[in-house]
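# Reading the structure
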Amino acid sequence: QAPGARQRVQEFAALLGAGLEQTVAFQQVFGRSVDQANREARMMVTSQPAPTSELSLGAIPQISAFQPREATEIEARLVRAEALLAADRIAAAESLYAETARRWPDDPDVLTGLGTLALRKSDYAAARQFLERALAAKNPRATTYFEYAMLIRDTRGPEALVVDSLTKAVQRNPSLAEAWYLLGASMLRQSRPADAIDPLKRATGILP
């Protein structure tokens, strides 16, 4: 990292926030064009060996330890809808979610999917409606609590509710690294650094 790099990044962000055009702000702060910086970065990456490290994965379960089963129709539909959403095929995902919801209107996983879709579209009122209906169902999933925490955060709701929802998410799925990380970050925003240590350690333990 070049000396003063952090300060220059902050200066660049400040100029963007003031409304200066990106390429002009970059040239002004870093003394080179974006294209020049990209060329330098490519040269650096190709001229130096990439650093490596070894991680212990522990005992890997044998294939025989897993019991395969055929996915139900609703599971297959939801996986496909999630894949479409992840690929930014919003219209196709919305159509599939809507069709699935007509057949299973009260399924908590379908409601969670609809809430996630609404969040992607910044329709916070609809997202709240769908996610709160899913949370009211029996034994909500970790994903539902996680998406609800994102809704509360994005709508500047109570930080305590964000922490509560993320805590319930990791209680149901302790391998949810992003939830652990955001839980630690939320505690830092509450000036609770000691409480943030364990969630951040867990997040980096899952995704070093």
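In what follows, the structure referred to is the one given above.
Residues numbered from 1 in each chain as written. Predicted model: local features only at pLDDT ≥ 70, side-chain atom pairs only at ≥ 80, totals over all residues. Heavy atoms only, no water.

Glancing now at unusual backbone geometry. Apart from glycine, the bulk of residues carry a negative phi angle, and the bulk of peptide bonds sit in the trans form. Positive phi is not limited to glycine here, since Ser-122 has a value of about 60 degrees. Positionally, Ser-122 belongs in the loop between α6 (108-120) and α7 (124-135). Since its relative accessible area comes to 45%, Ser-122 is described here as partly exposed. Of note in this structure, Asn-139 is not a glycine but carries a positive phi near 55 degrees. (Helix = DSSP H or I, 4+ residues; strand = E, 2+ residues; numbered from the N terminus. Buried < 20%, exposed > 50% of the residue type's maximum accessible area, 1.4 Å probe, protein only.)

Relative to the helices and strands, Arg-128 is located in helix α7. Given a relative accessible area of 32%, Arg-128 falls into the partly exposed group. Residues Arg-128 and Thr-112 lie 16 residues apart in sequence; the distance between their C-alpha atoms is 10.0 Å.

Our focus in this paragraph is the side chain of Thr-112. Looking at where Thr-112 falls in the secondary structure, it is placed in helix α6. The contact partners of Thr-112, leaving out residues within four places of it in the chain, are Leu-131, Ala-134, Thr-143 and Thr-144. (Contact = heavy atoms within 4.5 Å.)

Residues Phe-146, Met-150, Leu-166 and Leu-183 are the most contacted members of the largest nonpolar core, which totals 25 residues. For this core, the secondary structure elements donating two or more residues are α6, α7, α8 (142-154), α9 (159-172), α10 (177-189) and α11 (193-206). For this core, the leading source of residues is α8, giving seven residues. Every residue in contact with Leu-166, bar those within four places of it in the chain, is listed here: Phe-146, Ala-149, Met-150, Ala-179, Leu-182 and Leu-183. One finds Leu-84, Ala-93, Tyr-97 and Val-110 within the second-largest nonpolar core, a separate group that totals 12 residues. (Core = buried A, V, L, I, M, F, W, Y, C linked by side-chain atoms within 4.5 Å.)

This part is about the pattern of salt bridges. Per the stated rule, a full pass over the model turns up 14 salt bridges. Here Glu-73 ties to Arg-77 by a salt bridge, and the two come within 3.4 Å at their closest N and O atoms. Taken as a pair, Glu-73 and Arg-77 lie in helix α4 (residues 73-86) at a separation of four residues, close to a single helical turn. Under the relative-accessibility criterion, Glu-73 is labelled partly exposed at 40%. We note a salt bridge from Arg-77 to Glu-99, for which the minimum N-O separation is 3.0 Å. Separated by 22 residues along the polypeptide, Arg-77 in helix α4 and Glu-99 in helix α5 (residues 90-103) bring together distant segments of the chain. The buried category is assigned to Arg-77, whose relative accessible area is 14%. Note on Glu-99: relative accessible area 33%, which makes it partly exposed. Taken together, the salt bridges that share partners define one network made up of Glu-73, Arg-77, Glu-99 and Arg-103. (Salt bridge = Lys/Arg side-chain N within 4 Å of Asp/Glu carboxyl O.)

So, to be careful, I would describe these as geometric facts and stop short of saying anything about function.
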